[in-house]
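# Examining the three-dimensional arrangement
The lines below spell out each chain.
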Amino acid sequence: MEVRGFYFPRQRQVVFLFLFWGVSLADSGLRRYWVTEETERGSFIVNLAKDLGLAEGELAARGTRVVSDNKQCLLLDSYTGDLLTNEKLDREKLCGLTDPCMLYFQILMDNPFQIYQAELRVRDINDHSPVFRNKEMVLKILENTPKGTTFRLERGQDSDVGLNGIQNYTINSNSVFHVKISDSDEGMIYPELVLDKALDWEEQKELTLTLTALDGGYPPRSGTSTIRIVVLDINDNAPQFAQALYEAHTPENSPVGSLIVKVSAEDVDSGVNAEVSYSFFDAAEDIPTTFQINSFSGEIILRELLDYELVKSYKINIQATDGGGLSARCTVWVQVLDTNDNPPELIMSSLSNHIAENSPEMVLAVFRIIDRDSGENGKMVCYIQDYLPFLLKHSVDNFYILMTNGALDRESQAEYNITITVTDLGTPRLQTQQNITVLVSDVNDNAPTFTQTSYNLFVHENNSPALHIGTIRATDRDSGTNAQVTYSLLPPQDPHLPLASLVSINADNGHLFALRALDFEALQAFEFRVGATDRGSPALSSEALVRVEVVDANDNSPFVLYPLQNGSAPCTELVPRAAEAGYLVTKVVAVDGDSGQNAWLSYQLLKATEPGLFSVWAHNGEVRTARLLSERDAAKHRLLVLVKDNGEPPLSASVTLHVLLVDGFSQPYLPLPEAAAEQAQADSLTVYLVIALASVSSLFLFSVLLFVAVRLCRRDGAASRLNLMVLTTCLL
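Residues numbered from 1 in each chain as written. Predicted model: local features only at pLDDT ≥ 70, side-chain atom pairs only at ≥ 80, totals over all residues. Heavy atoms only, no water.

### Some points on the overall build of the protein
Helix and strand counts for the protein stand at seven helices and 52 strands. Partitioning the intrachain contacts of the protein with sequence separation of at least 6 by distance along the chain shows that 68% fall at a separation of at least 24. If you sum the accessible surface of the protein, you get close to 37600 Å²; carbon and sulfur atoms cover 53% of it. (Helix = DSSP H or I, 4+ residues; strand = E, 2+ residues; numbered from the N terminus. Contact = heavy atoms within 4.5 Å. Areas by Shrake-Rupley, 256 points an atom, 1.4 Å probe, with all protein chains shown as cover.)

Here it is as structure tokens:
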């Protein structure tokens with residue numbers, strides 16, 4: 001596994017912490033497991049629960065996952081704890097010739113968060129036979145070649161490794177050559193043909209041998225190639241390369257057809273023996289497919305695109321052969337230069353798109369970032385937007401944790417769009433972005449709020465029962481059932497107020513209804529509190545004050561307090577004949593049970609025995625003489641006074657007054673000629689009149705005091721006014 005450097009930006013988005021919630025983020029040791037290639041899908045590898053020392057079912061409870069850079073070839077049964085193969089593993093596809101073949105993966109646990117590093121070693125089986133790139137190899141050997149001369153042969157190729165790779169080479173039995181095994185610089189063996197007997201071109205011009213490559217598997221596998229040996233007449237000089245080692249550097253984005261390097265060899269012979277041709281020698285499988293050599297010029301041309309992330313260097317063996325069959329060899333090292341051609345990758349391990357608004361710090365996502373480039377091209381920086389209430393914490397092995405930075409408020413913002421950006425430091429810089437939408441789920445953290453802290457409602461008295469008198473409304477900033485509001489009447493503070501018989505409320509919409517007809521004269525206003533409760537758990541509620549004022553209707557006629565109209569002997573007012581114009585004869589006193597303009601009273605003289613003699617003041621009910629009295633005016637007068645309120649329609653009452661003109665209060669009462677029947681009561685009439693005047697004065701004074709008291713107490717509560725009316729009635 002390649003460990004790349006990190007770029008540490010001085011930004012608040014990326015916080016490099018290696019401890020999280022007080023637990024270790026990564027196990028200190030590397031877990032190692034083994035599996036043999038070509039095992040069937042679902043094969044058992046290990047029980048992780050037992051290996052990690054966890055109880056049965058704890059892997060599932062902690063949200064355990066297995067994460068690998070490669071395609072998901074492992075499967076974890078989190079309930080049993082068994083780690084299984086998710087597909088049939090082919091070691092050669094996974095690792096090629098690399099030995100040992102190791103697949104690195106991580107074991108992630110969410111609650112609490114923890115990471116274990118692990119590797120799975122894929123054991124090789126002998127499932128490939130050795131092969132030779134060329135089914136026939138041609139060697140041209142001079143007849144004067146001394147015994148003991150060795151000729152290197154192309155080695156076979158085996159996709160298996162270790163003991164399953166090629167372990168030996170043999171040739172068919174002959175008296176001229178034998179095979180010697182030698183070790184290469186790369187730690188591999190290759191065959192060499194050793195000359196045991198001098199050749200004679202005149203005796204035998206060609207010789208054919210069979211080369212067999214054997215691996216060490218059980219059972220062993222083999223592959224063969226034919227060696228055709230051409231005996232040549234003497235050629236004195238072999239070609240000579242200008243350099244034994246050529247080094248070339250080419251970027252991985254070089255186009256097909258680019259010149260990698262040119263090799264050159266010279267032969268001092270002449271004629272056909274000086275003609276040099278170039279070819280690959282003992283080349284690996286990928287050399288002929290990646291490169292092409294011009295056999296005449298020695299130019300090595302790029303045949304297909306390079307990829308630094310797959311192969312970082314190539315070793316190419318070049319052979320130069322003259323026309324006489326002599327050859328020379330050189331080595332070309334091609335170093336592939338990395339370019340920033342791979343954008344960073346973001347591998348999401350876990351993701352939670354929903355979070356409750358009152359949750360404290362909570363993990364939303366766990367992911368890993370990788371870049372297949374190297375050097376500066378492989379260094380990365382990861383960040384999110386500054387203004388979001390989230391933190392990005394760096395764990396180990398390029399793992400990152402996206403978490404909340406404190407509790408969220410759904411009522412302020414119910415949805416967040418988070419863009420995770422990963423940028424490398426190459427030239428040009430490449431970046432990868434992944435968008436995450438986080439929905440904040442509601443909790444019942446807002447009580448209902450009334451649109452007003454208090455409500456004033458007005459209802460006309462004598463209303464019909466079940467009359468809609470108004471609506472209260474409360475809103476809740478929560479959502480769903482947490483925002484569903486129900487309304488209710490709260491017990492009144494005044495225990496004597498029969499609230500249940502006065503009003504009712506619709507629990508769903510807050511409509512208020514009067515249950516019965518209201519009487520302004522009995523109850524002018526009343527107050528009560530209403531509650532609004534949501535359907536959350538636990539339920540939250542709030543209160544508001546409602547004041548209902550009864551609007552007066554003109555349903556009471558004026559009532560005359562003086563003079564009393566009780567069917568008894570009429571009250572007679574005495575007026576001296578010497579009275580001046582404007583003399584106060586008496587005062588009509590009346591009250592009205594209504595209020596406001598419905599209680600504004602006006603007085604009017606409807607009928608008089610002698611019109612023009614008396615007048616009534618419209619605003620105060622005072623009866624006065626309109627002119628000077630004369631001897632011709634009758635002694636007894638009868639007046640009909642109308643008392644009318646200012647309501648709509650107006651209501652009225654009438655009162656009859658009896659006025660007696662006398663010469664003076666000191667003279668005895670003289671009966672009128674038509675009143676002879678009342679002579680017997682003449683002596684007591686004066687006493688009654690005095691008592692009546694005293695009563696009228698007292699009643700007038702009391703009425704004035706009562707009027708002032710009513711005005712002062714109008715702002716008091718309904719109960720106080722009700723008591724005042726009851727007191728007034730009792731006094732009357």
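After presenting the structure, the write-up continues.
### Thoughts on the sheet that holds strand β49 (residues 614-616)
On the basis of which strands lie adjacent, the open sheet formed by three strands has the order β46-β50-β49 and antiparallel pairing. In this open sheet, the two strands that pair with only one neighbour each are β46 (584-587) and β49. Across the sheet, the mean angle from the axis of one strand to that of its neighbour is 20 degrees, orientation sign disregarded. (Pairing = 2+ DSSP bridges. Axes fitted to C-alpha atoms, helices over the stretch in contact; angles between N-to-C directions.)

### Quick notes on the pairing of strand β26 (residues 327-337)
Consecutive residues of a regular strand have side chains that alternate between opposite faces of the sheet. Strand direction decides the pairing type here: strand β19 (residues 245-251) and β26, joined by seven bridges, are parallel. Looking across to β26, one finds that Y246 is bridged to V332. As judged from the nine bridges shared by strand β25 (residues 313-321) and β26, these two strands associate in the antiparallel manner. Within β26, the residue paired with S313 across the bridge is Q335. Hairpin connection between β25 and β26: a loop of five residues separates the two successive antiparallel strands, and G325 in this loop has a positive phi of roughly 95 degrees.

### Looking at a negative patch on the surface
A cluster of acidic residues, D200, E202, E203 and D233, forms a negative patch at the surface. Along the chain, E202 falls in the loop between β15 (189-195) and β16 (206-215). (Patch = residues over 30% accessible without salt bridge, like charges linked within 9 Å, V, L, I, M, F, W, Y side chains within 5 Å. Salt bridge = Lys/Arg side-chain N within 4 Å of Asp/Glu carboxyl O. Lys, Arg positive; Asp, Glu negative; His and termini not counted. Charge placed at Lys NZ, Arg CZ, Asp CG, Glu CD.)

### With respect to a nonpolar patch on the surface
Taken together, the side chains of F700, V704, F707, V708 and L712 make up a nonpolar region of the molecular surface, amounting to roughly 470 Å² of accessible area. Note on placement: F700 falls in helix α6 (residues 682-713). For F700, a relative accessible area of 33% translates into the label partly exposed. (Buried < 20%, exposed > 50% of the residue type's maximum accessible area, 1.4 Å probe, protein only.)

### Quick look at the environment of G531
Position of G531 relative to the elements: it lies in strand β42 (residues 525-534). According to the relative accessible area criterion, G531 is buried, its value standing at 4%. The spatial distance from the C-alpha of G531 to the C-alpha of P448 is 9.3 Å, given a sequence separation of 83 residues. If we ignore the near neighbours within four places in the chain, the residues touching G531 are F450, T486, Y487, S488, L490 and S542.

### Things to note about unusual backbone geometry
Residue P538 is reached from S537 by a cis peptide bond, and omega for that bond is 0 degrees. Here P538 lies in the loop between β42 and β43 (541-551). With an omega dihedral of -5 degrees, the bond running from Y562 to P563 counts as a cis peptide bond. Secondary-structure assignment places P563 in the loop between β44 (559-562) and β45 (572-576).

### Looking at the environment of Q431
Tracing the sequence through the fold places Q431 in strand β34 (residues 431-441). Spatially, the C-alpha atom of Q431 lies 9.6 Å from that of C382, the residues being 49 residues apart in sequence. Residue contacts for Q431: discarding those within four places in its chain leaves P343, P344, Y383, T421, V422 and T423. Reaching out from Q431, the side chain makes a polar contact with the side chain of T423 at a distance of 3.3 Å. (Polar contact = N/O pair within 3.5 Å; in protein donor to acceptor, adjacent residues only side chain to side chain.)

### A word on the pattern of salt bridges
If you walk through the whole model with that rule in mind, you get 25 salt bridges. One salt bridge connects K180 with E192, and the closest N-O pair in it is separated by 3.6 Å. Within this pair, whereas K180 is found in strand β14 (residues 177-183), its partner E192 is found in strand β15, the two being separated by twelve residues in sequence. Since its relative accessible area comes to 38%, K180 is described here as partly exposed. You can call E192 buried: its relative accessible area is 11%. Within this structure, R32, E119 and R121 form a network of salt bridges that share partners.

### Description of the confidence of the model for the protein
Keep in mind that low pLDDT regions are not for reading the predicted coordinates in detail. A residue-level look at the protein finds 89% of positions with pLDDT of 70 or above and a mean pLDDT of 84. Low pLDDT (under 50) marks residues 667-683, which in the prediction has seven contacts with non-local residues, meaning those over four places away or in another chain. (pLDDT = per-residue confidence, 0-100.)

### Notes on the packing of aromatic side chains
Here the structure, examined in full by the defined rule, presents eight aromatic pairs. Here the aromatic rings of F241 and Y278 are separated by 6.3 Å at their centres, their planes lie at 55 degrees, and the arrangement is tilted. Taken as a pair, F241 in strand β18 (residues 240-241) and Y278 in strand β22 (residues 277-280) lie far apart in primary sequence, 37 residues in all. Judged by relative accessible area, F241 falls into the buried class, the value being 13%. (Phe/Tyr/Trp six-rings, centres within 6.5 Å; stacked < 30°, edge-to-face > 60°.)

### Some words on the sheet that holds strand β7 (residues 74-77)
If you trace the three strands from one edge of the open sheet to the other, you get β5-β8-β7, paired in antiparallel fashion. In this open sheet, the two strands that pair with only one neighbour each are β5 (44-47) and β7. Neighbour-to-neighbour, the strand axes of the sheet open up by a mean angle of 25 degrees, direction not taken into account. In this structure, β7 lies alongside strand β8 (residues 82-85), joined through four bridges in antiparallel fashion. Counterpart to L74 in the pairing with β8 is T85.

### Points about the environment of T224
Within the fold, T224 resides in strand β17 (residues 222-232). Once the C-alpha coordinates of T224 and L211 are considered, the two residues, 13 residues apart in sequence, prove to be 5.5 Å apart. Aside from chain neighbours lying at most four places away, what touches T224 is F132, K135, T210, L211 and T212.

### So, the pairing of strand β10 (residues 114-123)
Taking burial as the measure, the ten residues of β10 include eight buried ones, the bulk of the element. Note: strand β4 (residues 31-36) against β10, six bridges, orientation parallel. Across the sheet, W34 pairs through a bridge with R121, a residue of β10. Hairpin connection of strand β9 (residues 101-109) to β10: four residues between the antiparallel strands.

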